[in-house]
Amino acid sequence: MTPASSPCMTALFMGTGASVGVPMIGCSCPVCLSPDRRNRRTRSSILVSSGGKNILVDTAPDLRSQALREGLTRIDAVVYTHAHADHVLGLDELRTFNFIMKEEIPIYAPPRVLDRIRAMFSYAFSDENKEGVTRPRLVPRELPGPMEILGIPVTPFLVEHGPVMNTALRIGDLIYLTDCNAVPPEGKRVMKGASTMIVGAVRYEPHESHFGLAQAVAEIAEVAPRQGYITHLSHRMDHATLEAELPAGIRPAYDGLRVAV
Ligand SMILES: [Zn+2]
Ligand SMILES: [Zn+2]
Ligand SMILES: [Zn+2]
């Protein structure tokens, strides 16, 4: 059996929030004040687990609280989509996993994203250590195209994200597509036949660098996977309302939700 069709691959939503999280600092809208825990969204990231190995997609600023919530003590590899703050600022939290595992952690990203991460976290990738800080022990690895990571086939593909390009991922039969306002034809080809799609939508209306809800739903409908999830949600989206509105087979994700791929 190939890992791509392995029934034991799971995706755990570490975080499902847009860039500022929900509740948003200083906001008293109904979603930010909602007692529904599914409306409490840390910044977006997923943990893909297969064969006892964990691949973390992005290191959200909330990685520490996400790991504590999930009892996570092992990260075998990290894959980055892009270098926006809400997807990378938890990088330093990987230090704790270095301590626990007594191992370095490989981090994979397309070359241009790796360059950005190296520039943003220069202390973590310099041997000089002028600042005298304890730094995470990471092994940068380029992800220029399809490759196997811990035995799982991973295919990156470029998608439009406002003025910049972002990377979406096919991991086995799972598509992780957040921070996107349009998918070029090559990406459409990569997504074909996927069983599970996780697609970002920050709000109902289209946004200059993100899908609106209808666009995200249309993207999922085009591929027609077994199941679709909406993530990267802002405080404009109430979980229960969204759940009632979405078509069959597509659900809003929430922090801590684990799905079989
Ligand atoms: Zn984002
Ligand atoms: Zn709000
Ligand atoms: Zn982004």
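About the criteria used
Residues numbered from 1 in each chain as written. Chains lettered and ligands numbered in written order. Predicted model: local features only at pLDDT ≥ 70, side-chain atom pairs only at ≥ 80, totals over all residues. Heavy atoms only, no water. Pairing = 2+ DSSP bridges. Helix = DSSP H or I, 4+ residues; strand = E, 2+ residues; numbered from the N terminus. Axes fitted to C-alpha atoms, helices over the stretch in contact; angles between N-to-C directions. Contact = heavy atoms within 4.5 Å. Buried < 20%, exposed > 50% of the residue type's maximum accessible area, 1.4 Å probe, protein only. Arc of directions from axis to C-beta. Donors = N, O, S within 2.8 Å, 3.2 Å for Na, K, Ca; no water. Tetrahedral: all angles 85-135°; square planar, octahedral: opposite > 155°, others 65-115°. 1 Å grid on protein atoms, 1.4 Å probe; cavity = no way out; pocket = protein on both sides within 12 Å on 5 of 7 lines; lining within 4 Å. Points joined across faces, edges and corners; volume = space filled by probe spheres on them. Nonpolar A, V, L, I, M, F, W, Y, C, P; charged D, E, K, R; others polar.

Peer 1: Any chance you could break down the sheet that holds strand S13 (residues 250–252) for me, citing the residues and the numbers?
Peer 2: Taken together, 7 strands build an open sheet; the order of strands is S7-S8-S9-S10-S11-S12-S13 and the sheet is mixed. The outermost strands of the open sheet, each flanked by one partner alone, are strand S7 (147–149) and S13. Each strand axis lies, on average, 25° off the axis of its neighbour in the sheet, ignoring direction. Bridging between S7 and strand S8 (residues 152–161) involves 3 bridges; their strand directions are antiparallel. Note that in S8 the partner of Glu 148 across the bridge is Pro 153. Strand contacts of helix H6 (residues 213–223): strand S10 (174–177), strand S11 (196–200), strand S12 (227–231) and S13, with the helix running at about 160° to S11, the strand carrying the most contacts.

Peer 1: Report on helix H3 (residues 94–101), specifying residues and quantitative values.
Peer 2: Listed as buried for H3 are Leu 94, Phe 97, Asn 98 and Met 101. Projection of H3 onto a plane perpendicular to its axis shows the buried side chains occupying an angular sector of 105°, all on one side. Those residues of H3 that are buried lie in contact with helix H1 (63–70), strand S4 (77–79), strand S5 (105–109) and strand S6 (138–142). Immediately beyond the C-terminal end of H3, within one or two residues, lies Lys 102, with a positive phi of roughly 55°.

Peer 1: A description of the sheet that holds S4 should follow, citing residues and the corresponding values.
Peer 2: Across the sheet, 7 strands lie side by side as S6-S5-S4-S3-S2-S1-S14; this open sheet has mixed pairing. Where the open sheet ends on each side, the last strands, each with one partner, are S6 and strand S14 (258–260). Strand-to-strand, the axes of this sheet are offset by a mean angle of 25°, without reference to chain direction. With 3 bridges connecting them, strand S3 (residues 53–57) and S4 associate as parallel partners. Within S4, the position partnered with Leu 56 by the bridge is Val 78. Of the strands in this sheet, strand S1 (10–15), strand S2 (45–50) and S3 touch H1, which is tilted by about 130° from S1. Against the sheet, helix H4 (residues 111–120) makes contact with S5 and S6, and its axis sits at roughly 150° relative to S6, the strand it touches most.

Peer 1: Run through the side chain of Thr 155, naming residues and quoting values.
Peer 2: If you trace the backbone, Thr 155 turns up in strand S8. Leaving out residues up to four positions away in the same chain, Thr 155 has contacts with Pro 146, Ala 168, Leu 169, Arg 170 and Val 190.

Peer 1: Summarise the pairing of S1; cite the residues concerned and give the values.
Peer 2: For S1, a buried count of 6 out of 6 residues is recorded, marking the element as mostly surrounded by other parts of the structure. With 3 bridges connecting them, S1 and S14 associate as antiparallel partners. Its bridge partner lying in S14, Leu 12 is registered against Arg 258. The sheet contact formed by S1 and S2 spans 5 bridges and is antiparallel. Its bridge partner lying in S2, Gly 15 is registered against Ser 45.

Peer 1: Describe the coordination of the zinc ion (ligand 2), with residues and values.
Peer 2: Bound to the zinc ion (ligand 2) are the protein donor atoms Cys 27 (SG), Cys 29 (SG), Cys 32 (SG) and His 235 (ND1), situated 2.1 to 2.3 Å from the metal. One can describe the donor arrangement at the zinc ion (ligand 2) as tetrahedral, given that its 4 donor atoms subtend angles of 102 to 114° at the metal. Taken in chain order, the donor set of the zinc ion (ligand 2) reads C-x1-C-x2-C-x202-H. With Cys 32 in the loop between S1 and S2 and His 235 in the loop between S12 and helix H7 (239–245), this residue pair connects regions lying 203 residues apart in the sequence. In this pair, the class of Cys 32 matches that of His 235, namely buried.

Peer 1: Quick rundown of the layout of surface pockets? Include the residues and the values.
Peer 2: A volume near 320 Å³ is recorded for the largest pocket. In terms of lining, the largest pocket is formed by 15 residues, of which the most central are Val 22, Arg 40, Arg 41, Thr 42 and Asp 255. Its residues assigned to classes, the lining of the largest pocket comprises 4 nonpolar, 4 polar and 7 charged. Volume-wise, the second largest pocket comes out at about 260 Å³. For the second largest pocket, the lining is made up of 19 residues, of which Ala 18, Ser 19, Val 20, Val 202 and Ser 234 are closest to its centre. Across the lining of the second largest pocket, the residue classes tally to 6 nonpolar, 9 polar and 4 charged.

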